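Observations on chain architecture
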Amino acid sequence: MHYGVTIRCLTSADLREVDQLRAELGWNQTISDWRRLLALAPEGCFAAERNGKIAGTCTSVCFGDELAWIGMMMVHPASRRQGIGGRLLRSCIESLRRRGLKCIKLDATPMGLPVYTHIGFLPECTLTRWEHQGLLPDAEPSSSVQTLSEKHWPGVLALDSQTMGISRAFLLQSLAATSLLALVYVSEGSILGFGMLRSGARANYLGPVVALPGIGEMLVRVLLSRNDDRLTFWDVLDLNEPASALARQLGFTPARPLTRMYLDTNTVPTNCEKYWATADPATG
Ligand SMILES: CC(C)(COP(=O)(O)OP(=O)(O)OC[C@H]1O[C@@H](n2cnc3c(N)ncnc32)[C@H](O)[C@@H]1OP(=O)(O)O)[C@@H](O)C(=O)NCCC(=O)NCCS
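Residues numbered from 1 in each chain as written. Predicted model: local features only at pLDDT ≥ 70, side-chain atom pairs only at ≥ 80, totals over all residues. Heavy atoms only, no water.

1. Considerations on helix 6 (residues 169-177)
Note the following rule: Here the term buried applies to any residue with accessible area under 20% of the maximum for its type, exposed to any over 50%, and partly exposed to those in between, with areas from a 1.4 Å probe on protein chains only. Labels follow the DSSP assignment, with helices taken as runs of H or I lasting at least four residues and strands as runs of E lasting at least two, numbered in each case from the N terminus. Only heavy atoms enter the contact rule, under which two residues are in contact if any of them lie within 4.5 Å.
Those residues of helix 6 that sit buried are Leu 171, Leu 172, Ser 174, Leu 175 and Ala 176. On its buried side, helix 6 packs onto helix 2 (31-40), strand 3 (53-63), helix 5 (153-164), strand 9 (190-199) and strand 10 (204-211).

Have a look at this one:
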């Protein structure tokens, strides 16, 4: 079925070609997102190659030994249902198991769902991608909301690892460096929330936002009030009902469902209450 298809590691020389495939599928990642994935896990990103052309990709990133996240699972429309997606996925899983990763997760599109279910992934929870076009309302100014700077990082990373159960230092610092806007909520010297707004290929992207309930709402409102009028995506965990309600109240509309899935054991459960906006489907 998959005659002449080789699975190999993705390299920086492939990025222009794989980003073309990404653009054809209408996904929102940019070349710098691909570069970040490669920098995070050069040995965990795979390409399927046929006749010198890339037919599909699959990436994975590891957060310590605890959690790995699979993403950018794409197969060219002309090469689908030939087992290529399954082979890419198995290559990722094998490389993660060799490294002793305990928990493997991903955010599945409806098209990805049967492929992952076939391999044994189970659903953890659902998300909705919300979208909005145009300017959003002004937010009440607050001296507690500040631009994220060097001095805030210890507090940001502590809040993030308490919330997520893993360390995402490299990912967060890399995302902040390329964000349109990165904010923190500071109270009596403690960081109680942080959030970012980024520029994607098709739309601005709100996330990640990690914050205590209530503070998350304020951070989202401030971030969006400083947004331009470009299309904006926001991936919300459906169990975070205040976030979904805020999306609706601000005039966002549901664009597509996603299913968060895990393989084997869910040793790092998602903290829906404090996770107001996810970082990217490719990194969770
Ligand atoms: C999802 C995607 C990567 C699957 O790639 P693929 O190479 O077609 O997948 P495979 O041929 O390896 O399929 C493996 C198994 O998954 C299941 N499957 C795959 N696509 C399916 C579909 N459209 N409907 C039902 N089952 C499907 C089947 O059980 C299949 O095995 P079979 O063909 O022997 O029955 C591809 O459809 C794609 O790129 N879609 C658009 C991007 C996307 O949504 N990616 C998922 C991101 S989470």
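2. Concerning the packing of aromatic side chains
Heads up, the condition is: Under the pairing criterion, centres of Phe, Tyr and Trp rings, with the six-membered ring standing for Trp, must be within 6.5 Å; the plane angle then separates stacked pairs below 30 degrees from edge-to-face pairs above 60, leaving the rest tilted.
The final tally for this structure, using the stated rule, is two aromatic pairs. Here Tyr 116 and Phe 121 contribute two aromatic rings whose centre-to-centre distance is 5.8 Å and whose plane-to-plane angle is 65°, an arrangement assigned as edge-to-face. Aromatic pair Trp 234 and Phe 252: ring centres 5.5 Å apart, planes at 80°, arrangement edge-to-face. Separated by 18 residues along the polypeptide, Trp 234 in strand 11 (residues 232-237) and Phe 252 in the loop between helix 8 (241-249) and strand 12 (253-263) bring together distant segments of the chain.

3. Quick notes on the packing of helix 5 against helix 6
What counts here: Whenever a helix is involved, its axis is fitted only over the stretch in contact; in every case the axis is a line through C-alpha atoms, and angles between N-to-C directions fall within 0 to 180 degrees. An angle counts as roughly parallel when it lies under 35 degrees, as roughly antiparallel when it exceeds 145, as roughly perpendicular when it falls between 65 and 115, and as oblique in every other case. Left-handed describes a crossing in which the near helix is turned anticlockwise from the far one by less than a right angle; the clockwise case is right-handed. Classification used: nonpolar for Ala, Val, Leu, Ile, Met, Phe, Trp, Tyr, Cys and Pro, charged for Asp, Glu, Lys and Arg, polar for all others including Gly.
Contact geometry for helix 5 and helix 6: axes closest at 11 Å, N-to-C directions at 125°. Classified by the angle between their axes, helix 5 and helix 6 sit oblique to one another. Where helix 5 crosses over helix 6, the handedness of that crossing is right-handed. Residue-level contacts link Trp 153, Leu 157 and Asp 160 of helix 5 to Ala 169, Leu 172, Gln 173 and Ala 176 of helix 6. Residues of the contact of helix 5 with helix 6, tallied by class, amount to five nonpolar, one polar and one charged.

4. Points about the environment of Pro 42
Structurally, the position occupied by Pro 42 is in the loop between helix 2 and strand 2 (46-50). Taking the C-alpha atoms as reference, Pro 42 lies 22 Å from Gly 200; in sequence the two are 158 residues apart. With sequence-adjacent residues up to four places away left out, Pro 42 is seen in contact with Cys 9 and Leu 10.

5. Let's talk about the domain arrangement of the protein chain
Stated precisely, the cut-off is as follows: Annotation comment: domain bounds sourced from an automatic or database domain assignment. Here's the idea: put two parts together, see how much 1.4 Å probe accessible area each one loses, and the total over both is what we call buried area.
Domain parsing of the protein chain yields domain 1 (5-101) and domain 2 (130-277). Summarising the inter-unit geometry, the C-alpha centres of domain 1 and domain 2 are found 26 Å apart. Counting residues at the interface gives 16 residues for domain 1, matched by 22 residues for domain 2. For the domain 1 and domain 2 pair, buried surface summed over both sides reaches about 1,400 Å², with 61% attributable to carbon and sulfur atoms.

6. What about the nonpolar core?
Counted only if it meets this: Definition of nonpolar core: a set of buried residues of the types Ala, Val, Leu, Ile, Met, Phe, Trp, Tyr and Cys, connected through side-chain atoms within 4.5 Å.
In terms of nonpolar packing, the biggest core is built from 44 residues, with Leu 10 and Phe 194 touching the most fellow members. Summarising the domain contributions, this core has at least three residues from each of domain 1 (5-101) and domain 2 (130-277). Among residues more than four places away in sequence, those in contact with Leu 10 are Leu 15, Val 18, Trp 34, Leu 38, Pro 42, Cys 45, Phe 46, Ala 47 and Thr 57. One finds Ile 215, Val 220, Leu 224 and Leu 246 within the second-largest nonpolar core, a separate group that totals 25 residues.

7. Digging into the site of the ligand
To keep things clear, this is the line we draw: We call a residue near a molecule or strand as soon as one heavy atom of that residue lies within 4 Å of the molecule or strand. Contacts described as polar in this section are N or O atom pairs within 3.5 Å, which, within protein, must combine one atom able to donate a hydrogen with one able to accept it, while residues neighboring in sequence count only if both atoms come from side chains. Accessible surface is estimated by sampling points in the Shrake-Rupley manner with a 1.4 Å probe; for residues, cover comes only from the protein chains shown.
Val 75, Arg 81, Gly 85, Gly 86 and Thr 109 are the nearest of the 21 residues found near the ligand. Separating an oxygen atom of the ligand from a backbone N or O atom of Gln 82 is a distance of 3.3 Å. For the ligand, an oxygen atom lies 2.7 Å from a polar atom in the backbone of Gly 86. Protein contact buries 76% of the 920 Å² of open area that the ligand shows by itself. Listing elements by their share of the shell around the ligand, those giving two or more residues are strand 4 (67-75), helix 3 (84-98), strand 5 (103-108) and helix 4 (113-119). A per-element tally of the shell around the ligand places helix 4 first, with four residues. Each residue belonging to the shell around the ligand can be placed in one class, and the counts come to eleven nonpolar, seven polar and three charged.

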